[in-house]
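Observations on chain architecture
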Amino acid sequence: MVIQHDNPLLSHDEVGILLSAAGAAPSMHNTQPWRFEVTGSVIDVLLDEDRTLPAEDPSGRMTRIGLGAAAFNLRVAAATLGYETTLAIDPDPDRPDIAVRIFLGARHPSRNSPIGALYSQLHRRRTYRGPLVTTQIPATVLDQITAAARCEGGELRWLDAAARYKLGSTLQAADDLELHNEDRLTERSRWIGGDRAHEGVPSAALGPLPTQPAAVRDLSAGYDDPARDSSAFETDPLIAILTTGADDQVGWTRAGMALQHSLLTATSYDVAVSFLNQAIEYAVLRSQVHELVGHGAWPQLILRAGYPAGSAAETPRRSWHDTLDIWQ
Ligand SMILES: Cc1cc2nc3c(=O)[nH]c(=O)nc-3n(C[C@H](O)[C@H](O)[C@H](O)COP(=O)(O)O)c2cc1C
């Protein structure tokens, strides 16, 4: 961390609140691929090149989605502190490492803002990889989760039974591919399993192994983790595909913001979500997912949603001090 105290607009506590919120965002394999620069009232969310996944995410799409999610969390925390915010994606052609620039505007400490109300969910939200109960999510709740994604330029498309059936065979094909890709498995072993203090997904957060084929992603695929239990899973969970209109860095960043707005909204209703992205990560299979959502919509993430039968273990985070590069 480099700190220069030249008349900083924000206090040390405020910077801590903002960056801790950003760092609580989800990211693929909990790589936390972000760094931050704070310049007066401007906060830049930057890509950390040492935290990318070249084998599993060669285009950088999933990494970008994580940066978008962190930027959304920053805006939520800023709203709680009373700041209006505006943002720019890829704001500086000379600094391609800056993914999102957030401008803090006027401060109204006592004004309630709709996204500020999500602050209480930031540190409650977790990816839940266990079985779901059969209780249906009310339509009004699903509508709010869907509307949250739309606010950020994303669209959540809930699959009907026929589409879920088709997706099932695509997921199965992806699971088979995963087991035979040494580069991906080697890369993953840096991040998944065991005990983890600051990054990655510890064994405790992997959830139980399904006792029969299930629509859930087993992140430990390829190696045995003796710490895991097994459990029966629901047979036909609710599944949504998050799409955006563009399939470039801007579209991926918007997907991350839409993801996080909908995840925090889901958390506020105790709806648990996990990811089935294996089918999106392989180009050949992504085109099958594309067919499910039609032309003009790019599939970015596949989400499984419902009420959890158990609890999700916490994944660790780095201290916010370790993510702040410059403060001036
Ligand atoms: C872009 C993206 C892709 C992800 N893909 C998967 C996935 O395919 N399978 C999975 O189990 N979790 C996936 N996750 C969830 C991360 O593993 C999780 O966010 C991270 O471990 C931090 O844990 P938390 O969400 O409980 O805070 C993904 C998250 C993001 C943001």
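Described in the following lines is the structure provided in the data block. (Residues numbered from 1 in each chain as written. Predicted model: local features only at pLDDT ≥ 70, side-chain atom pairs only at ≥ 80, totals over all residues. Heavy atoms only, no water.)

A word on the overall build of the protein
Of the regular secondary structure elements, the protein holds nine helices and 12 strands. With the principal axes as the frame, the protein shows a C-alpha extent of 60 × 40 × 35 Å. Here the protein, with 328 residues, has 53% of them falling under the buried criterion. Here the analysis covers contacts within the protein between residues at least 6 apart in sequence; of these, 77% occur between residues at least 24 apart. For the protein, the exposed area adds up to about 14,200 Å²; of that, 52% sits on carbon and sulfur atoms. In the protein, which carries 28 positive and 41 negative side-chain charges, the distance between the mean positions of the two groups comes to 4 Å. (Helix = DSSP H or I, 4+ residues; strand = E, 2+ residues; numbered from the N terminus. Buried < 20%, exposed > 50% of the residue type's maximum accessible area, 1.4 Å probe, protein only. Contact = heavy atoms within 4.5 Å. Areas by Shrake-Rupley, 256 points an atom, 1.4 Å probe, with all protein chains shown as cover. Lys, Arg positive; Asp, Glu negative; His and termini not counted. Charge placed at Lys NZ, Arg CZ, Asp CG, Glu CD.)

Focus: unusual backbone geometry
Unusually for a residue other than glycine, H29 sits at a positive phi of about 55°. Residue placement: H29 occurs in the loop between α1 (12-23) and β2 (34-39). The class for H29 is buried, based on a relative accessible area of 4%.

Notes on the site of the ligand
Residues in close proximity to the ligand total 19 residues, the closest being R125, T127, R129, R217 and R317. The side chain of R129 places a nitrogen or oxygen atom 2.6 Å from an oxygen atom of the ligand. Against a free-state accessible area of 610 Å², the protein chains account for coverage of 99% of the ligand. Within the shell around the ligand, the residues separate by chemical class into eight nonpolar, six polar and five charged. (Near = heavy atom within 4 Å. Polar contact = N/O pair within 3.5 Å; in protein donor to acceptor, adjacent residues only side chain to side chain. Nonpolar A, V, L, I, M, F, W, Y, C, P; charged D, E, K, R; others polar.)

Some remarks on the sheet that holds strand β6 (residues 155-158)
Ordered by their spatial adjacency, four strands build an open sheet running β6-β9-β11-β10, and the pairing between neighbours is antiparallel. Only two strands of the sheet have a single partner each, and these edge strands are β6 and β10 (272-275). Strand-to-strand, the axes of this sheet are offset by a mean angle of 35°, without reference to chain direction. Of the pairings in the sheet, the one linking strand β9 (residues 238-244) to strand β11 (residues 298-306) comprises seven bridges and is antiparallel in character. Residue T243 lies in a different strand from β11, and its bridge partner there is P299. (Pairing = 2+ DSSP bridges. Axes fitted to C-alpha atoms, helices over the stretch in contact; angles between N-to-C directions.)

Function-wise, these values are silent; they only describe arrangement.
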